[in-house]
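# Reading the structure
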Amino acid sequence: MTDPAGVLLTKRADNGQWQAPGGVLELSEAITDGLRREVLEETGLIVEPVALTGVYKNMSRGIVALVFRCKATGGSLTTNDEVTGFHWATPEEIPQMVAEAFAVRVLDALHDGAPAIRQHDGVHLV
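Structural notes, computed from the coordinates. Since the model is a prediction, treat every value here as computed from it, not as a measurement. (Residues numbered from 1 in each chain as written. Predicted model: local features only at pLDDT ≥ 70, side-chain atom pairs only at ≥ 80, totals over all residues. Heavy atoms only, no water.)

## A word on the pairing of strand 5 (residues 63-75)
As defined by bridge partners, strand 4 (residues 45-58) adjoins strand 5 across 12 bridges and the pair is classed as antiparallel. From the neighbouring strand, I46 faces strand 5, where its bridge partner is G74. The antiparallel pairing of strand 4 with strand 5 creates a hairpin that spans four residues between the two strands, and G62 there sits at a positive phi of about 70°. (Pairing = 2+ DSSP bridges. Helix = DSSP H or I, 4+ residues; strand = E, 2+ residues; numbered from the N terminus.)

Below, the structure written as structure tokens:
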């Protein structure tokens with residue numbers, strides 16, 4: 001999610017790492033419904049997807065992630081059991097705060113055009 005202040009990152013409660021909000025869809029859930037639910041659960045924000053910005057595969061685990069640029073339409077940032085903090089990161093801060101495989105997702109989301117398609121090993125691009 002982007003804002004004039006930067007890109008919203010969440011600090012995970014389980015490992016203390018920074019990442020973009022997101023999660024796993026329920027089996028019967030539509031993609032955009034799951035996106036809205038996950039962001040609301042993790043941040044307290046109501047969002048609308050603006051654009052699909054990337055498709056990313058973790059080659060070692062076989063997980064495919066879809067990344068969307070979103071805009072906030074309501075709610076307020078609220079910590080919870082999964083998230084202990086928030087930071088509106090500038091593009092320059094992102095590579096220092098987030099592992100390469102996840103930083104590229106956030107940086108790709110800042111660009112218009114066709115969605116990026118990338119592979120990684122869970123930490124680095126491959």
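## Here we look at the sheet that holds strand 4
Spatially, the three strands line up as an open sheet ordered 5-4-7, and their pairing is mixed. Every other strand in the sheet has two partners, leaving strand 5 and strand 7 (116-120) as the edge strands with one partner each. Across the sheet, the axes of successive neighbouring strands diverge by a mean angle of 35°, strand direction being ignored. Most of the contacts of helix 1 (residues 31-43) go to strand 4, to which it runs at about 110°, and overall it touches strand 4 and strand 5. Packing against the sheet, helix 3 (residues 100-108) makes contact with strand 4, strand 5 and strand 7, and its axis sits at approximately 175° to strand 7. (Axes fitted to C-alpha atoms, helices over the stretch in contact; angles between N-to-C directions. Contact = heavy atoms within 4.5 Å.)

## A few points about the pattern of salt bridges
Under the defined criterion, the tally for this structure stands at nine salt bridges. In this structure, the salt-bridge partner of E26 is R37, at a minimum N-O distance of 3.9 Å. A residue pair is termed long-range when its members are at least 10 positions apart, and E26 in the loop between strand 3 (18-19) and helix 1 and R37 in helix 1 qualify at 11 residues. In this structure R37 comes out as buried when scored by relative accessible area, which is 19%. Salt bridges sharing common partners tie together E26, E29, R37, E38 and E41. (Salt bridge = Lys/Arg side-chain N within 4 Å of Asp/Glu carboxyl O. Buried < 20%, exposed > 50% of the residue type's maximum accessible area, 1.4 Å probe, protein only.)

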